[in-house]
Amino acid sequence: MEKPNIDELQIYRGGDIMVCPGITIHQPTLDEICSYGECAYWNMIYTLTSVGADLKFQLYDMGIDYTIISDFELFYSLLRRSYDQSKTWILTGELDLTEFQLFSREDSKDKFLYNSRQDILMEEDSYLRFAETLRSIHGLRRNNQLPANEATKQILIEDAREAYEHRRDQPYVSQLKNLISAMINSEGFKYGHSQVWDMKINAFLDSVKRISKIKNAEALLQSGYSGFGINLKEIPEKQLNWMGDLD
């Protein structure tokens, strides 16, 4: 599957991203996420960007092979149904994913979604761009895990079930609280407690990774130049280049 081309600079700038005519993704601030409810927000993001490999045992219990179902089929048949406008407004404003109806093209049998009230067409490539944009904004990567054989697939399914059962009754632990606390107390971060809430989620998560990369590079360089530490020739260049891509 070819990965959609996403404008990373536009996302980093923080503006709204138009996926296709009628579908625009708003980048919320930390304040907006906090007001919405962090747990509900992340659950929505993970759900709307899920692929078969993220729902191994759930699909298995429904008689669906998670290695075969396409991302778009999973979205239109299952994922979108729980997210009407009252839940997705923070991301897509007035758009209501539950109002889309499924159609097939007569010539190719390709499926597409159409919202007649808002006159919005969502084809497979539109959804793939939608999901990949959400992943890029939130620093996520598509789960590309595939089993080597049937036996491995069954093991992965049961492992996923056990992991789900283990965490199901665990209290939610904030993903952002410790990151925000660490950043506002870190040298090099320009925002205090009052200002950080106005940051867009992508810019904030980028700052977390960038400052960590800078500190790591500085520590390696100081150790290497001290004459008593590591051999810099043995360190990959990407670890020393603090201006490089973030993992």
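Scroll up to find the structure this text is about.
Presented here is a report on the structure given in the accompanying data block. Everything numeric in this text was worked out from a predicted model, so none of it was measured.

Parameters and conventions
Residues numbered from 1 in each chain as written. Predicted model: local features only at pLDDT ≥ 70, side-chain atom pairs only at ≥ 80, totals over all residues. Heavy atoms only, no water. Pairing = 2+ DSSP bridges. Helix = DSSP H or I, 4+ residues; strand = E, 2+ residues; numbered from the N terminus. Axes fitted to C-alpha atoms, helices over the stretch in contact; angles between N-to-C directions. Patch = residues over 30% accessible without salt bridge, like charges linked within 9 Å, V, L, I, M, F, W, Y side chains within 5 Å. Areas by Shrake-Rupley, 256 points an atom, 1.4 Å probe, with all protein chains shown as cover. Salt bridge = Lys/Arg side-chain N within 4 Å of Asp/Glu carboxyl O. Lys, Arg positive; Asp, Glu negative; His and termini not counted. Charge placed at Lys NZ, Arg CZ, Asp CG, Glu CD. Buried < 20%, exposed > 50% of the residue type's maximum accessible area, 1.4 Å probe, protein only. Parallel < 35°, antiparallel > 145°, perpendicular 65-115°, else oblique. Contact = heavy atoms within 4.5 Å. Nonpolar A, V, L, I, M, F, W, Y, C, P; charged D, E, K, R; others polar. Expected span 1.5 Å × (residues − 1). Arc of directions from axis to C-beta. Polar contact = N/O pair within 3.5 Å; in protein donor to acceptor, adjacent residues only side chain to side chain.

**A closer look at the sheet that holds strand E3 (residues 101–104)**
Sheet architecture is open: three strands sit in the order E3-E4-E5, paired in antiparallel fashion. Every interior strand has two partners, whereas the edge strands, E3 and strand E5 (120–122), have only one. Averaged over all pairs of adjacent strands, the angle between their axes in this sheet comes to 30 degrees, without regard to strand direction. Here strand E4 (residues 111–115) pairs with E5 via three bridges, running antiparallel. Looking across to E5, one finds that Asn-115 is bridged to Ile-120.

**Considering unusual backbone geometry**
Both trends apply: most residues other than glycine have a negative phi, and most peptide bonds are in trans. Of note, Lys-109 is a non-glycine position whose phi angle comes to about 70 degrees, a positive value. Within the secondary structure, Lys-109 is located in the loop between E3 and E4. Non-glycine residue Asp-119 carries a positive phi angle of around 55 degrees. Within the secondary structure layout, Asp-119 lies in the loop between E4 and E5.

**As for the pairing of E4**
As defined by bridge partners, E3 adjoins E4 across four bridges and the pair is classed as antiparallel. Among the inter-strand pairings, Phe-103 is bridged to a residue of E4, identified as Phe-112. Counting the residues between successive antiparallel strands, the hairpin from E3 to E4 contains six residues, one of them, Lys-109, with a positive phi of roughly 70 degrees. Hairpin geometry of E4 and E5 is characterised by an intervening segment of four residues between the two adjacent antiparallel strands and by a positive phi of about 55 degrees at Asp-119.

**Brief notes about a negative patch on the surface**
A surface patch of like charges, here negative, comprises Glu-106, Asp-107, Asp-110, Glu-124 and Asp-125. Exposure remark for Glu-124: the relative accessible area of 37% places this residue in the partly exposed category.

**Describing the packing of helix H3 (residues 38–48) against helix H6 (residues 85–92)**
Interaxial distance between H3 and H6 falls to 11 Å at its minimum, and their mutual angle equals 85 degrees. Taken together, the axes of H3 and H6 lie roughly perpendicular to each other. Together, Tyr-41, Met-44, Ile-45 and Leu-48 of H3 and Lys-87, Thr-88, Ile-90 and Leu-91 of H6 make up the contact between the two elements. Each residue belonging to the contact of H3 with H6 can be placed in one class, and the counts come to six nonpolar, one polar and one charged.

**Side note on the environment of Ala-53**
Mapping Ala-53 onto the fold places it in the loop between H3 and helix H4 (56–61). Taking the relative accessible area as the measure of exposure, Ala-53 reaches 7% and is therefore buried. Ignoring anything within four residues of it in the chain, the contact list for Ala-53 reads Tyr-66, Asn-143 and Gln-145.

**A short note on helix H8 (residues 150–168)**
Taking 1.5 Å of rise per residue, 19 residues should cover 27 Å, and H8 covers 27 Å from first to last C-alpha, within 8% of that figure. Here H8 has its buried residues at Lys-153, Leu-156 and Ile-157. Take H8 and look down its axis: the buried residues cluster within an arc of 100 degrees, on one side only. Residues of H8 that are exposed and angled more than 90 degrees away from the buried face: Ala-151, Ile-155, Glu-162 and His-166. On its buried face, H8 is in contact with H4. For H8, the N-terminal cap is Asn-149; the gap from its side-chain oxygen to the backbone nitrogen of Ala-151 is 3.2 Å.

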